[in-house]
Amino acid sequence: MTKKFKKITRFLYHNIPLHLIFLLTGLLPNSVPTVRLRGFLLRPFFKSCGKNLKISSGVILNNAHQIEIGDNVVIAH
């Protein structure tokens, strides 16, 4: 695959859904169920991800496909 095709594919299959999840869940409050839901929905976009990921609203993730996360991680702004 060419470099340009890889960038387009990553944009369509990773960046757009990632931003849509942040947009839709950004309206919800930062409560325990919401940060768990956001972590659950965003798990497939990371290179590797452990159990019990929590992500609060307002977080900006650049190049999530290159990030490796362990167990019991909380990401907040």
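This text follows the structure it describes.
Just so it is clear, the model here is predicted, and its values are computed rather than measured. (Residues numbered from 1 in each chain as written. Predicted model: local features only at pLDDT ≥ 70, side-chain atom pairs only at ≥ 80, totals over all residues. Heavy atoms only, no water.)

S.K.: Can you help me understand the nonpolar core in this one?
M.R.: Generally speaking, soluble globular proteins have nonpolar side chains that are buried together. Of all hydrophobic cores here, the largest spans 14 residues; its most connected members are F22, L42, F46, L53 and I55. For this core, the element with the most residues is helix α1 (residues 3-25), which contributes 3 residues. Not counting the four nearest positions on each side in its chain, I55 is found in contact with F22, V35, R38, G39, L42, F46 and I75. (Core = buried A, V, L, I, M, F, W, Y, C linked by side-chain atoms within 4.5 Å. Buried < 20%, exposed > 50% of the residue type's maximum accessible area, 1.4 Å probe, protein only. Helix = DSSP H or I, 4+ residues; strand = E, 2+ residues; numbered from the N terminus. Contact = heavy atoms within 4.5 Å.)

S.K.: Is there a simple way to think about helix α2 (residues 32-42) in this case?
M.R.: Quick reminder: α-helices carry 3.6 residues per turn. Residues three or four places apart thus point the same way. Within the sequence span of α2, burial applies to T34, V35, R38, G39 and L42. Projected down its long axis, α2 carries its buried residues within an arc of 135°, all on one side. Across α2 from its buried face, at more than 90 degrees, point the exposed residues P33 and F40. Tucked into the core, α2 has its buried residues touching α1 and β2 (54-55). (Arc of directions from axis to C-beta.)

This is a description of form; function is not addressed.
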